[in-house]
Number of protein chains: 2
Amino acid sequence: MGGFPTVTDVALAAGVSRQTVSNVMNSPGIVRADTRQRVEAAIKELGYRPHASARRLRTRRSSTIGIRLDPMIDGISGSVLDRFLHALTEQADAQGLRVLLFTATSPEDEITQFRRLNDGADVDGFVLTSTFAGDPRTRWLIENGISFVTFGRPWGADDMNDPQHLWVDVDGWSGLHEATRAQQEAGARRIAYIGWPSPSGTGDERRRGWYDAMMERGEVSGEELARLEVVTTDGVSQGTAAMQRLRQQAGLVDGVLCASDSLALGAMIANPERVPVTGYDNTPVAAAVGLSSVDQAVDEVAAGVLELLTGEFGGKVHGAPESDEPRHRLITPRLVVREFAAIPMDVAR
Amino acid sequence: MGGFPTVTDVALAAGVSRQTVSNVMNSPGIVRADTRQRVEAAIKELGYRPHASARRLRTRRSSTIGIRLDPMIDGISGSVLDRFLHALTEQADAQGLRVLLFTATSPEDEITQFRRLNDGADVDGFVLTSTFAGDPRTRWLIENGISFVTFGRPWGADDMNDPQHLWVDVDGWSGLHEATRAQQEAGARRIAYIGWPSPSGTGDERRRGWYDAMMERGEVSGEELARLEVVTTDGVSQGTAAMQRLRQQAGLVDGVLCASDSLALGAMIANPERVPVTGYDNTPVAAAVGLSSVDQAVDEVAAGVLELLTGEFGGKVHGAPESDEPRHRLITPRLVVREFAAIPMDVAR
DNA sequence: AAGAAAAGTTTGATCGATCAAATAAATTCA
DNA sequence: TGAATTTATTTGATCGATCAAACTTTTCTT
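Our subject in this report is the structure included herewith. In this text, all values refer to a predicted model and were calculated from it rather than measured experimentally.

A word on the protein's contact with DNA strand C. Around DNA strand C lies a shell of 27 residues, among which A:Arg18, A:Thr35, A:Arg60, B:Val7 and B:Gln19 are the nearest. Near the protein, meaning within 4 Å, the atoms of DNA strand C are sugar or phosphate in a fraction of 58%, with bases accounting for the rest. Side-chain polar atom of B:Arg55 to a phosphate oxygen of DNA strand C: 3.0 Å apart, as the coordinates give it. In the model, a base oxygen of DNA strand C is placed 2.8 Å from a nitrogen or oxygen of the B:Arg58 side chain. Put simply, the parts of the chain that give the surface near DNA strand C at least two residues each are helix 2 (18-26) and helix 4 (52-59) of chain A together with helix 2 (18-26) and helix 4 (52-59) of chain B. With 5 residues, helix 4 of chain B is the largest single contributor of residues to the surface near DNA strand C. A breakdown of the residues in the surface near DNA strand C according to their chemical character gives 9 nonpolar, 10 polar and 8 charged.

This model, assessed by the stated rule, comprises 14 aromatic pairs over all chains. Centre to centre, the rings of B:Phe102 and B:Phe126 are 6.0 Å apart; their planes meet at 85°, and the pair counts as edge-to-face. With a gap of 24 residues between them, B:Phe102 in strand 2 (residues 98-102) and B:Phe126 in strand 3 (residues 125-129) connect regions that are remote in the sequence. B:Phe126 matches B:Phe102 in its accessibility class, with the two residues each being buried. Ring centres 4.5 Å apart and planes at 50° place the aromatic pair B:Phe114 and B:Phe126 in the tilted group. Separated by 12 residues along the polypeptide, B:Phe114 in helix 6 (residues 107-119) and B:Phe126 in strand 3 bring together distant segments of the chain. A relative accessible area of 0% places B:Phe114 in the buried class. The class for B:Phe126 is buried, based on a relative accessible area of 0%. Within the aromatic cluster, the residues linked to one another by ring pairs are A:Phe102, A:Phe114, A:Phe126 and A:Trp140. In this structure, B:Arg206 packs its charged tip against the face of B:Tyr280, placed 3.6 Å from the ring centre.

The transform that puts chain B on chain A rotates by 180° and translates by 0.1 Å along the axis, for an RMSD of 0.2 Å. Seen this way, the second copy is the image of the first under a two-fold rotation axis. When you check the interface residues of chain B against chain A, 100% turn up at the interface there too, and the contact is symmetric in its surfaces.

Moving on, we come to the interface of chain B and chain A. Taken together, the contacts link 54 residues of chain B with 55 residues of chain A. Of the roughly 5000 Å² buried between chain B and chain A, counting both surfaces, carbon and sulfur atoms make up 65%. On the surface where chain B and chain A come into contact, there are 8 salt bridges. The shortest N-O distance in the salt bridge between A:Arg49 and B:Asp119 comes to 3.6 Å. Counting across the interface, chain B meets chain A through 12 residue pairs in polar contact (both at pLDDT 80 or more). Going through the elements one at a time, helix 4, helix 5 (79-94), strand 2, helix 6, helix 11 (236-250), helix 13 (284-289) and helix 15 (345-348) of chain B are the ones with two or more residues in the side of chain B that touches chain A. Bridge count for strand 2 (residues 98-102) of chain A against strand 2 of chain B is 3 bridges, and the pairing is antiparallel.

Bringing the sheet that holds strand 4 (residues 147-151) of chain A into the picture now. Read from one edge of the open sheet, 12 strands run 11(A)-5(A)-4(A)-3(A)-1(A)-2(A)-2(B)-1(B)-3(B)-4(B)-5(B)-11(B), paired in mixed fashion. Two strands in the sheet have a free side with no partner beyond their single neighbour: strand 11 (328-331) of chain A together with strand 11 (328-331) of chain B. Averaged over neighbouring strand pairs, the angle between their axes works out to 20° when direction is ignored. Here strand 4 of chain A runs beside strand 5 (residues 166-170) of chain A; their pairing, made up of 3 bridges, is parallel. Within strand 5 of chain A, the position partnered with A:Phe151 by the bridge is A:Val168.

What follows concerns the packing of helix 8 (residues 172-185) of chain A against helix 9 (residues 201-217) of chain A. Residue and element names in this part refer to chain A. Close contact between helix 8 and helix 9 brings their axes to 7 Å; oriented N to C, the two are set at 40°. One element, helix 8, and the other, helix 9, form an angle in the oblique class. As helix 8 packs across helix 9, the resulting crossing turns out to be right-handed. Within the contact between the two elements, helix 8 uses Gly 172, Trp 173, Leu 176, His 177, Thr 180, Arg 181, Gln 184 and Glu 185 and helix 9 uses Glu 205, Arg 206, Arg 208, Gly 209, Trp 210, Asp 212, Ala 213, Met 214, Glu 216 and Arg 217.

Under the defined criterion, the tally for this structure stands at 41 salt bridges over all chains. The shortest N-O distance in the salt bridge between A:Asp122 and B:Arg98 comes to 3.5 Å. A residue pair is termed interchain when its members come from two chains, as with A:Asp122 in the loop between helix 6 (107-119) and strand 3 (125-129) and B:Arg98 in strand 2. The same class applies to A:Asp122 as to B:Arg98, namely buried. Through salt bridges with shared partners, a single network forms among A:Arg153, A:Asp169, A:Glu205, A:Arg208 and A:Asp212.

Ranked by internal contacts, the top residues of the largest apolar core, which has 133 residues, are A:Phe84, A:Val256, B:Phe84 and B:Val256. Those residues within four positions of A:Val256 in sequence are excluded, and the remaining contacts are A:Gln183, A:Ala192, A:Ile194, A:Met243, A:Leu246, A:Val275, A:Pro276, A:Val277 and A:Thr278.

Another aspect to go through is unusual backbone geometry. The linkage connecting A:Ser198 with the following residue, A:Pro199, adopts the cis geometry, with an omega of 0°. Turning to its location among the elements, A:Pro199 is positioned in the loop between strand 6 (191-195) and helix 9. Of note, the phi angle at A:Arg60 is positive, near 60°, even though the residue is not glycine. For B:Asn282, which is not glycine, the phi torsion reads 50° and is therefore positive. Within the fold, B:Asn282 resides in the loop between strand 9 (277-280) and helix 13. Relative accessible area serves as the criterion here: at 13%, B:Asn282 is assigned to the buried category.

Okay, the pairing of strand 1 (residues 64-68) of chain B next. The side chains of a regular strand alternate, residue by residue, between the two faces of the sheet. All names here are of chain B. Here strand 1 lies mainly inside the structure; 5 of its 5 residues are buried. The two faces of strand 1 match: Thr 64, Gly 66 and Arg 68 on one face and Ile 65 and Ile 67 on the other face are all buried. Bridge analysis of strand 1 against strand 3 gives 3 bridges, and the strand direction is parallel. Bridged to Ile 67 within strand 3 is Val 127.

Here the focus is the pairing of strand 8 (residues 255-258) of chain B. All names here are of chain B. Burial along strand 8 is two-sided: the face carrying Gly 255 and Leu 257 and the face carrying Val 256 and Cys 258 are both buried. Two elements, strand 6 (residues 191-195) and strand 8, share 4 bridges in a ladder whose sense is parallel. The residue bridging Tyr 193 from the neighbouring strand is Leu 257, located in strand 8. Note that strand 8 and strand 9 share 2 bridges and pair parallel. Looking at strand 9, one finds that Leu 257 is bridged to Thr 278. Once the chain exits strand 8 it traverses helix 12 (residues 261-269) before rejoining the sheet at strand 9, and the crossover so formed is right-handed.

Reading the values: rules and limits
Going along each chain's sequence as written, the residues are numbered from 1 onward. For naming, the first written chain is A and the first written ligand is 1, with later ones following in the order written. Per-residue local features of the predicted model are confined to residues with pLDDT of at least 70, and side-chain atom pairs are confined, for both listing and counting, to 80 or more; whole-chain, interface and lining totals are unaffected and use all residues. Derived side-chain values reflect all non-hydrogen atoms in the structure, with water molecules and hydrogen atoms excluded from consideration. When at least one non-hydrogen atom of a residue lies within 4 Å of a molecule or strand, that residue is treated as near it. We call two N or O atoms a polar contact when they sit within 3.5 Å, provided that within protein one can donate a hydrogen and the other can accept it, with sequence-adjacent residues counted only if both atoms are side-chain atoms. The secondary structure listing takes helices from DSSP runs of H or I that are at least 4 residues long and strands from runs of E that are at least 2 residues long, numbered from the N terminus. Ten residues, namely Ala, Val, Leu, Ile, Met, Phe, Trp, Tyr, Cys and Pro, are considered nonpolar, four, namely Asp, Glu, Lys and Arg, are considered charged, and the remaining ones, Gly among them, are considered polar. Aromatic pairs are defined between Phe, Tyr and Trp rings, using the six-membered ring for Trp, whenever the two ring centres lie within 6.5 Å; interplanar angles under 30 degrees are classed as stacked, those over 60 as edge-to-face, and all others as tilted. Accessible area is worked out with a 1.4 Å probe on protein chains only. A residue is then buried under 20% of its type maximum, exposed over 50%, and partly exposed in between. The rule is short: NZ of Lys or CZ of Arg within 6 Å of the ring centre and within 35 degrees of the ring normal puts a charge over the ring. A least-squares superposition brings the copies together, and it is based on the C-alpha atoms of residues with pLDDT no lower than 70 in both. We call two residues contacting when some pair of their heavy atoms lies within 4.5 Å. Two parts lose some accessible area (1.4 Å probe) when they are put together, and adding that loss for both gives the buried area. The term salt bridge refers to a pairing of a side-chain nitrogen on Lys or Arg with a carboxyl oxygen on Asp or Glu at a separation within 4 Å. By the convention used here, strands pair only if DSSP detects at least 2 bridges between them. All axes here are fitted lines through C-alpha atoms, helices being fitted over the stretch that makes contact, and every angle between N-to-C directions spans 0 to 180 degrees. Convention used here: angles under 35 degrees read as roughly parallel, angles over 145 as roughly antiparallel, angles from 65 to 115 as roughly perpendicular, and any remaining angle as oblique. The sense of a crossing depends on the near helix, which, turned anticlockwise from the far helix by less than a right angle, makes the crossing left-handed and, turned clockwise, makes it right-handed. What makes a nonpolar core is a set of buried Ala, Val, Leu, Ile, Met, Phe, Trp, Tyr and Cys residues whose side-chain atoms join them at distances within 4.5 Å. A right-handed crossover is one whose linking path, passing over the helix from the first strand to the second, runs clockwise when the strands point away from the viewer.

Structural data, given as structure tokens:
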């Protein structure tokens, strides 16, 4: 009753030594089968669980990864990060890793948190989301030799092939390329794109997917293609406005692709002809209102992140870049096609 | 270079003993001012940070709270829990508490996780969300003497005043009462309610807020009030359908209140006359499309949860219910009023 | 079957911090 | 001033697990 049982208690009960109990848990292979069974029985009997902190102190490994919970600036699209977080937690659990949250108000503040969590041996590494060009966080982590993986490739001047910067990203080009193709195969010819102003790493990437697919078909002149594109900041009402602008400069189009579900939702509202609209992120809203959308495969992203991260701090020899292993993963997103079922627009008319 | 500095290193540098360094960090009051300054200087100089695991091992306290990351079944409304999680993490951080995530596929699975995290001394307590009538989780936690606080009051047969069950909840009655009042003061008389089928703890509570406010005014007969109510499951398309049904059974109404933003969004779509619609949860979607909504004050909820939780495991004497302290908090939500600005419905016509 | 090698198990030390009790220094009191 | 207190600081033990090395048993050679 004096608290939880310890290795010593188990050892006593099984008639072996502490270390053998430890071995049963950590390297069962080196323990003789019958001894192992005896120990395992004792563990079960006593309901023994290793004390996480004690283990971490001795092994100098926390088996915990830190991730910053974003302030959710971007309402609708923010849910991608949620789904990612969920997938990450689930898969981390499965390999005995814990996920520790923290918040920060700025990149600088986040660096302070990195230091705090790392110095206190709270975490073994970090997962970063929403990277941007010239991100000071990655530089700091590299300089301080702390393991990390980013969800999002290095943008701008940062080297995408820097072996010290591990990353996983979703191939936005491919996502929009496929979405464009899908509309083309359904008979659409004049397909418009509502996107974000350049430069935007992810945004430019997605736009290029649409652009390339359109050029490959070659059914639309360059001049017309220019008219089929509208640029705006993200948001639902911006999407609606963009859709109206599109109407003015290009008339009725055969289909519309958007850089985000927010834009797509907005576009859908100003769309009495029910021109097919495809969004990006496959958020719950898209599912709810029946928008086609490009789904970032967060499960695969999470798996990739964990693989790279554990490879990093599992390989103990920190700083030894085994250059044969790939240092990043580019995930191909999936297009989810939906009917306009959920919004009976004729009711609104 | 041999890793991070320890208390011993600091002690050596400051010319004092380990324990004094420890005292400077944990009970600065008992250290003489000049000694303290010397130690503090050494700490800064060496960049010392206490090793979290070592401390936890010795103190038998993890300073960590566990929370399950919900599977996000309910797309749109799920974001309330996100905002709560964010607020919780932020405020926990401020008091030196960490937030550890886990996932579970069922209440039973969640109990397994409770056991794992508690036995491993990974966490000091739990925060539960989405409680329901006859929740096995709370019973189990109480039986095992594990600290926890729920976001959501005990429903059904469970005792709301059970001193062992600490909870924080948002007063849905008050939220809908205020929302109804607001529409009434703006001149509305026949205000409809689209809600969930009974029994639903939260749902019934919200409905009653509308119902009571309507009765207080007494401008609508009981018979008519019945026609002003539509019941449906949650979801955007259900909201649209409910709105149509409402139209049939009650004609044009002066305003509509909904049990969730999902329903409200749906209702808004089948609403060519732009009758004021008010949702619940104040999700990003509501903000985006310009829906009025009842905002659950997640910051206050988070603060309450932490207060109760730290009071619980801070008070060491576990199981001694200091009955003078309140064992729960009921937070009053805020109504956020918005214009229909974001959806220019005439465009869609 | 004796000696070498391999496999299995145990013992003592250690991770870094805090607790508990002992000692030293400063303060109060008679 | 010297004893009695109070305050400040130090020393040794400990939390629970794993590491490293020593030791014992089994298996393999020749």
